[in-house]
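Residues per chain are reported as follows:
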There are 4 protein chains.
Amino acid sequence: MPGRHFLQLPGPTNIPDRVLRAMDRPTIDHRGPEFADLSRAVLRGLQGVFRTQSNVIVYPGSASGGWEAALVNTLSPGDRVLMFDHGFFAAQWRRVAERMGLVVDEVACDWRRGIDPALVHDKLASDTSHQFKAVAVVHNETSTGVTNRIADVGRVIADTAHPALFLVDVVSSLASIEYRHDDWGVDVTVAGSQKGLMLPPGLCFNAVSAKALEASKAAGLPKSYWNWEDMLAFNRDGFFPYTPATNLLFGLQEALVMLENEGLPNVFDRHHRLAEAARSAVDAWGLEFYCERPADRSDTLTAVLVPDGHDANRFRSIVRDRLDMSLGGGLGKLKGRLFRIGHLGDFNELMLSGTLSGIEMGLSLAGVPHEKGGVAAALEYLIGSVP
Amino acid sequence: MPGRHFLQLPGPTNIPDRVLRAMDRPTIDHRGPEFADLSRAVLRGLQGVFRTQSNVIVYPGSASGGWEAALVNTLSPGDRVLMFDHGFFAAQWRRVAERMGLVVDEVACDWRRGIDPALVHDKLASDTSHQFKAVAVVHNETSTGVTNRIADVGRVIADTAHPALFLVDVVSSLASIEYRHDDWGVDVTVAGSQKGLMLPPGLCFNAVSAKALEASKAAGLPKSYWNWEDMLAFNRDGFFPYTPATNLLFGLQEALVMLENEGLPNVFDRHHRLAEAARSAVDAWGLEFYCERPADRSDTLTAVLVPDGHDANRFRSIVRDRLDMSLGGGLGKLKGRLFRIGHLGDFNELMLSGTLSGIEMGLSLAGVPHEKGGVAAALEYLIGSVP
Amino acid sequence: MPGRHFLQLPGPTNIPDRVLRAMDRPTIDHRGPEFADLSRAVLRGLQGVFRTQSNVIVYPGSASGGWEAALVNTLSPGDRVLMFDHGFFAAQWRRVAERMGLVVDEVACDWRRGIDPALVHDKLASDTSHQFKAVAVVHNETSTGVTNRIADVGRVIADTAHPALFLVDVVSSLASIEYRHDDWGVDVTVAGSQKGLMLPPGLCFNAVSAKALEASKAAGLPKSYWNWEDMLAFNRDGFFPYTPATNLLFGLQEALVMLENEGLPNVFDRHHRLAEAARSAVDAWGLEFYCERPADRSDTLTAVLVPDGHDANRFRSIVRDRLDMSLGGGLGKLKGRLFRIGHLGDFNELMLSGTLSGIEMGLSLAGVPHEKGGVAAALEYLIGSVP
Amino acid sequence: MPGRHFLQLPGPTNIPDRVLRAMDRPTIDHRGPEFADLSRAVLRGLQGVFRTQSNVIVYPGSASGGWEAALVNTLSPGDRVLMFDHGFFAAQWRRVAERMGLVVDEVACDWRRGIDPALVHDKLASDTSHQFKAVAVVHNETSTGVTNRIADVGRVIADTAHPALFLVDVVSSLASIEYRHDDWGVDVTVAGSQKGLMLPPGLCFNAVSAKALEASKAAGLPKSYWNWEDMLAFNRDGFFPYTPATNLLFGLQEALVMLENEGLPNVFDRHHRLAEAARSAVDAWGLEFYCERPADRSDTLTAVLVPDGHDANRFRSIVRDRLDMSLGGGLGKLKGRLFRIGHLGDFNELMLSGTLSGIEMGLSLAGVPHEKGGVAAALEYLIGSVP
């Protein structure tokens, strides 16, 4: 199809040409001095993005591997983990935990709103014998478009003085929505390369607090590939215990420069502004947000319900086949009920306008009942807010 | 600035990644067999795009060089050329002719509509002593957004049986708006790489009829770089008389494959559809088309007047600096009075929607009086016409 | 430094421009139809390269992850595995096995020659109670330059009718040295992307026999990321259970086309020819091969001992800093004692000549005693063997 | 064919990945502020490379166009030009001059040695009526491998106080062999992009002295595309009178950074060193240099005669088809008699070693009589000279 494809998934996201070009060069010796400079630059840059003074570990792997890494490095067989049924990816993480031999206490939640920090407080406060070795939460649920209040959750954990480790998935929020590993008391943060970091998929990350590192010494789950200890030992000199995904690291270095040049606060503002514009459009179309609590609506994606009797996936196929745009679909139990608009990463006002235009046209083409004027509403919002 | 720049000039246009990547490889020996295969493929493909059985000549150079080549190969010092004052680029071509030592009879025209074929008829019919050695017209005036009826002009030339050569500039129409070198009786067609061919600037073309080739044998203007005879002699074996712009030829080969895959009729339909949508937006904004005759409005660009008292270039700067989009400005006497929207090349519905959104926002930001609803009108049109 | 770096490690190898350019494009929706076509093409192509009718599984990850995957999918805690102390990477794999909770019976071997198949026979024949659940061997030891006779090992396993699974690492031999997963009776083959497949690091592979798949159903080691069952279920429709490393798959698709175009037998012949030339040079220099048994010398790399009293790493630094070439060093106990020449992947006669020239110059510059004439000997061999 | 092609023409040369990647991005608005920054950087950088305080003009075009530009901007129809029959490209330039309507006084020279400055002196001294309006010399004759002593020629012109303009072609010497436009009294220097500047072909250059610029005001040859006046007027603000070859300018910017980083004196030293090594090989092979005077042998290419009865082009075909290397052939009257080795641009010791190895093997494969040991001699030289 002619022209540029609009890749408006909530990840993988549009990769800047600069990043693609940075990866488009010969691999270098991963045991040589040039590589050591590269990895030091990258590891330092990642600390800035995760807002941590501790270590960030980079694996060749998908973000799912980052979940596994967070668990196997900190826990022992049979350990209890407090998790929340608040979305498809939260459920996937739970499944990883169970497969690794952990016992998950999953708290039922309303998928359509963020986890109530008070609920976390109650759960931990009532666990006087400290059965829970970890609490795991997804910051930004990519399946629902709900952002959880991690700072608040971190605070209640601190308030209860419960010793559980705090594990957070920021796969679809990092470098897009404010996040502070250190200040918010997180022990392990899990992320991937293909969203706010504007890279292809293939890298995953663990930011690791001192407390998590201490816990890793006693953790009994078998681990080798994901072993932090090896990583940290090699990273100290700028190397890796096994062959790293060098060309993705080239891209990461470039992406980190771009983020630093724009400035993280500006990156967050931009994502918020574009998200507000997208929400203006959804409101104008008279469609329903999957996330019911406005304050919890994500700045990186918007999940939109289609009216009963309509199939969101048929709508998505029409948008893809006739308008050359990829939108996210409903996952698991939400299949066919909603579509998800990714508005994160290397993204701007005109790309958003094109995206929303494609949705507005697609709704008509697919016969999904809606009011006109979504794009107009978004433009109105943007006119008032563009820097 | 984050996200993708919208390059909505009437050329250079957005270059497909496939074309950029095709150019991104080592230069090859321009005297070796691999090169001969490349140039044969390219020269054959160009014949299809120009709709000619005759030769198409490829120069390393800008389209202005193509104008010069058309003249120096066919004419002698002091020859009279019939030209029309119908736009900035027509005037530039006239200037080239004068600089080369030709005598130009320039007919005053209304820049806001296409040349009346009857006028050409009158001029030639009254030239009974055949003073005019050539008639030169721009198919699609990039400065005004007016498309001339070249088929009709060709017909009146034939009707008068005047021996003048027919020279046509298709710089901003080739591979975007229907054009037929052979059927329309054109002798030399001049084009460049950076518009409908979706390449960077750096190549120019002459398609050459048998009559033009015959004329070249007697043409007395000095010529070396642009000499057709050398070119054709070398091209016969797949080579060039001097070092060709090999990497641009790599890109051209890829672009020709893309055009062939889409099919020229589909390419033209797409450009027409997107142009109609753009015109719907302009209508809805209540702004004035520079081209007054609707049938003459170009399918590759739209020139839009800003109301008196407003500066089109201030508007363009705002669009560029705040919304990261490049629009064309008014050239020569039109400076500051209009802006030009490029909607050609590797372009689709969502890119157009983003473009028009940027204009609608920019009009507000710049305080240019307009009605809202341009984007909405374009979407309405597209919904009814998208394949 | 000006000019092209010579990356003559035994991997990562020189990546063809075609492969780099194939990766240099926007990521696509990993849940869309275009992706399904991509993954089906890649999975089918891999079957050809592994010479298997069974499944090949592709992970985002480093080859070390492939080792772990082979183990956790087939074995249970406390299972005994027969391994051989025949090189640095064999030892690394052993370490992975132990970390995952397996019991390794490691047979001491001479690192300077291939494992004697008779030794494998004896070990298995004497294990009448079938304690060994798996036998794990590295086909081509990247640390020593020794190639093991996997076909013969497979045959003795068959001869003993021992039920142990046969696990083989082909990280530095796949697509370079003949290998046949099915015919040689291998159950799990482990590979990575960055050697004969001519890609950057970041993908690892498991080829899985029906027997291994059957074993996986009862295997008790915890597994999630590496779980074959999920992979195979998703792969059936062209998808992956988690986000795949899409851009590396773009590159893999291109590399598989290149291998198919050249033809695997030609690829193997080429590697053999270039290896013979490299060995001619080493002989002429009067230096000692680390691999003492000529028939076991690898066609993808050559490990060369430096005379006592000389430091191979000093030599390598000089070659890197003054001649811009990366050579492999001695790993583990071999540190400083040898250097390793990679001659695999996208490689040809002139690249090899440049490589050997760099070594011959480097030996002089570093003051390593040697005879002149290595390059001359290699050229002599190549003259007689170039196709 | 597998592995990297060796492009050892005396241009186009091997393009660094950095330069290719710099060109591999969307074209920008050539009338916008980002472009003005680009062209200012490039024009400033070129002054450094030409060693001039005057203007350097950049055209989209091949170097042949640069010859034409130098002539049409400075001369009038019928003007006499002093030229020398010292090689194929000198003869091509003469042909351009004649075609443009100039009268050429061509002095017969020995192609196998540089022009004797005394000869230039005699010609000018005896032209007491100052018939010669220009003297044109090729600095480095790409067809013969002879470098002319331009500084000396400039001195004798100054000594004679003859008012003729001094025009010099540095197509295959710029940025490789020392050259000083200002200090050596050159009025117009002609160059192209595809040799020492490490770019694809497609740009040509004129460096223009104040005297040449003054002459251009009275020059009567017709000119439009090549007109300096327009160029300089537009360049003043960072723009061009017609669409520039933007993506080649991206590459040029990167190449200029690379040259500046290495430092021109180091660039010249490197070329000299590699040329000496190549000459050592030719000597050892017992083959004859086309350039008989050792001091005149070029540092960017070496032209080597094959013994009588042998066809240099058959040798070149064998090298190309069996060893994947492109060498230059004999041009014009030298066809089949010699081959030319390009050793310029982005080039280093190991690339040269591979190149010479390919020649040594090719000589054997083609049955061209020679002594062995050319590569060995080159390595010996390099060992003693590598920095």
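Residues numbered from 1 in each chain as written. Chains lettered and ligands numbered in written order. Predicted model: local features only at pLDDT ≥ 70, side-chain atom pairs only at ≥ 80, totals over all residues. Heavy atoms only, no water.

1. Focus: the overall build of chain A
So, point 1. Along chain A, the regular secondary structure elements total 13 helices and 14 strands.
So, point 2. Over its C-alpha trace chain A gives a radius of gyration of 21 Å, about what one expects of a compact globule, namely 21 Å for 387 residues.
So, point 3. Each principal axis of the C-alpha atoms in chain A carries an extent, and together these give about 60 × 55 × 35 Å.
So, point 4. Relative to its full complement of 387 residues, chain A shows a buried share of 68%.
So, point 5. A fraction of 74% describes how many contacts in chain A between residues 6 or more apart in sequence connect residues 24 or more apart.
So, point 6. Carbon together with sulfur atoms contributes 48% to the accessible area of chain A, which is approximately 11900 Å² in total.
So, point 7. Separation between the mean location of the 38 positive side-chain charges and that of the 46 negative ones in chain A comes to 3 Å. (Helix = DSSP H or I, 4+ residues; strand = E, 2+ residues; numbered from the N terminus. Rg over C-alpha atoms; globule rule 2.2 N^0.38 Å. Buried < 20%, exposed > 50% of the residue type's maximum accessible area, 1.4 Å probe, protein only. Contact = heavy atoms within 4.5 Å. Areas by Shrake-Rupley, 256 points an atom, 1.4 Å probe, with all protein chains shown as cover. Lys, Arg positive; Asp, Glu negative; His and termini not counted. Charge placed at Lys NZ, Arg CZ, Asp CG, Glu CD.)

2. Some thoughts on the packing of helix 10 (residues 264-285) of chain C against helix 13 (residues 374-385) of chain C
Residue and element names in this part refer to chain C.
So, point 1. Following both chains from N to C, one finds helix 10 and helix 13 inclined at 150 degrees, their axes separated by 7 Å at the closest point. Comparing the axis directions of helix 10 and helix 13 gives the class roughly antiparallel. As for the relative orientation of helix 10 and helix 13, their crossing is right-handed in sense. Contacts from R273, L274, E276, A277, S280, A281, A284 and W285 in helix 10 reach G374, V375, A377, A378, Y381, L382 and S385 in helix 13.
So, point 2. Looking at side-chain class alone, the contact of helix 10 with helix 13 contains 10 nonpolar, three polar and two charged residues. (Axes fitted to C-alpha atoms, helices over the stretch in contact; angles between N-to-C directions. Parallel < 35°, antiparallel > 145°, perpendicular 65-115°, else oblique. Left-handed = near helix turned anticlockwise from the far one by under 90°. Nonpolar A, V, L, I, M, F, W, Y, C, P; charged D, E, K, R; others polar.)

3. With respect to the relation of the copies chain B and chain D
So, point 1. With an RMSD of 0.0 Å, the fit of chain B onto chain D corresponds to turning through 180 degrees and sliding 0.0 Å along the axis. What the superposition gives is, in effect, a two-fold axis relating one chain to the other. Looking at the rotation axis and the C-alpha trace of chain B, the residue lying nearest is G61(B), at 2.3 Å.
So, point 2. Counting the interface residues of chain B, we find that 100% of their copies in chain D are interface residues as well, pointing to one common contact surface. (Least-squares fit on C-alpha atoms with pLDDT ≥ 70 in both.)

4. Quick word on the packing of helix 5 (residues 117-125) of chain C against helix 6 (residues 150-160) of chain C
When two helices pack together, their arrangement is given by the angle between the helix axes and the distance between those axes.
All names here are of chain C.
So, point 1. The N-to-C vectors of helix 5 and helix 6 enclose an angle of 25 degrees; their axes lie 9 Å apart at closest approach. When the axis of helix 5 is compared with that of helix 6, the two are roughly parallel. Read as a crossing pair, helix 5 and helix 6 show a hand that is right-handed. In this structure, helix 5 contributes P117, V120, H121, L124 and A125 to the contact, and helix 6 contributes D152, V153, V156, I157 and T160.

5. Brief notes about the packing of aromatic side chains
The description of an aromatic ring pair rests on the distance of the ring centres and on the angle between the ring planes.
So, point 1. Under the definition given, this model contains 46 aromatic pairs over all chains.
So, point 2. Between F35(B) and F240(B), the ring centres sit 6.0 Å apart and the planes meet at 75 degrees, which makes this aromatic pair edge-to-face. Of this pair, F35(B) sits in helix 2 (residues 33-50) while F240(B) sits in the loop between helix 8 (228-235) and helix 9 (246-262), and the two are 205 residues apart along the sequence.
So, point 3. A centroid spacing of 6.1 Å and a plane angle of 15 degrees characterise the contact between W67(C) and W93(C), whose relative ring orientation is stacked. Of this pair, W67(C) sits in helix 3 (residues 63-72) while W93(C) sits in helix 4 (residues 88-99), and the two are 26 residues apart along the sequence. (Phe/Tyr/Trp six-rings, centres within 6.5 Å; stacked < 30°, edge-to-face > 60°.)

6. A short note on the interface of chain A and chain C
A common measure of how large an interface is: the accessible area buried when the components associate.
So, point 1. Taken together, the 52 residues of chain A in the interface contact 52 residues of chain C.
So, point 2. The junction of chain A with chain C conceals about 3900 Å² of combined surface from both sides, 56% of it contributed by carbon and sulfur atoms.
So, point 3. The interface formed by chain A and chain C contains six salt bridges.
So, point 4. Two residues, R95(A) and D230(C), come together in a salt bridge whose shortest N-O distance is 3.8 Å.
So, point 5. For the pair chain A and chain C, the interface holds 10 residue pairs in polar contact (both at pLDDT 80 or more).
So, point 6. Breaking the side of chain A that touches chain C down by element, the ones donating at least two residues are helix 1 (17-23), helix 3 (63-72), helix 4 (88-99), helix 9 (246-262) and helix 11 (312-323) of chain A.
So, point 7. Among the elements that make up the side of chain A that touches chain C, the one with the highest residue count is helix 4 of chain A (four residues).
So, point 8. Looking at the side of chain A that touches chain C, its residues break down into 23 nonpolar, 15 polar and 14 charged. (Buried area = accessible area lost by both parts, 1.4 Å probe. Salt bridge = Lys/Arg side-chain N within 4 Å of Asp/Glu carboxyl O. Polar contact = N/O pair within 3.5 Å; in protein donor to acceptor, adjacent residues only side chain to side chain.)

7. Some details on the confidence of the model for chain A
So, point 1. Averaged over all residues, the pLDDT of chain A equals 98, while 100% of them reach at least 70.
So, point 2. Here the prediction assigns the complex a pTM of 0.97, and the interface score ipTM is 0.97. (pLDDT = per-residue confidence, 0-100.)

8. Here's the deal with the sheet that holds strand 14 (residues 338-342) of chain A
All names here are of chain A.
So, point 1. Here five strands make up an open sheet; going across it, the order is 1-13-14-12-11 and the pairing mixed. Strand pairing shows two members of the sheet lacking a second neighbour, strand 1 (6-8) and strand 11 (288-289), which therefore form its edges.
So, point 2. With two bridges joining them, strand 11 and strand 12 (residues 301-305) adopt antiparallel strand pairing. Paired with E288 across the strands is L305, a residue of strand 12. (Pairing = 2+ DSSP bridges.)

9. Some details on the relation of the copies chain A and chain C
So, point 1. Overlay of chain A on chain C (RMSD 0.0 Å): rotation 180 degrees, translation along the axis 0.0 Å.
So, point 2. A high fraction, 100%, of the interface residues of chain A reappear at the interface in chain C, so the copies pair face to face through one surface.

10. Observations regarding the sheet that holds strand 14 (residues 338-342) of chain C
All names here are of chain C.
So, point 1. Reading across from one edge, 1-13-14-12-11 is the order of the five strands in this open sheet, with mixed pairing throughout. The open sheet is flanked by strand 1 (6-8) and strand 11 (288-289), the only strands paired with a single partner.
So, point 2. Helix 10 contacts strand 11, strand 12 (301-305) and strand 14 of the sheet and is inclined by roughly 10 degrees relative to strand 12.

11. Some details on the interface of chain B and chain D
So, point 1. Across the boundary between the two partners, chain B contributes 52 residues, which contact 52 residues of chain D.
So, point 2. Taken together, chain B and chain D are joined by six salt bridges.
So, point 3. Joining chain B to chain D, the criterion identifies 10 residue pairs in polar contact (both at pLDDT 80 or more).
So, point 4. Elements supplying a minimum of two residues to the side of chain B that touches chain D: helix 1 (17-23), helix 3 (63-72), helix 4 (88-99), helix 9 and helix 11 (312-323) of chain B.
So, point 5. Here the element with the most residues in the side of chain B that touches chain D is helix 4 of chain B; it accounts for four residues.
So, point 6. Looking at side-chain class alone, the side of chain B that touches chain D contains 23 nonpolar, 15 polar and 14 charged residues.

12. Focus: the nonpolar core
So, point 1. Judged by nonpolar contacts, the single largest core of 195 residues is most densely connected at W93(B), F205(B), L252(B), W93(D), V135(D), F205(D) and L252(D).
So, point 2. Discounting residues that sit within four places of it in the chain, F205(B) has contacts with L46(B), F50(B), V56(B), I57(B), V58(B), T189(B), V190(B), A191(B), G192(B), S193(B), L197(B) and L252(B). (Core = buried A, V, L, I, M, F, W, Y, C linked by side-chain atoms within 4.5 Å.)

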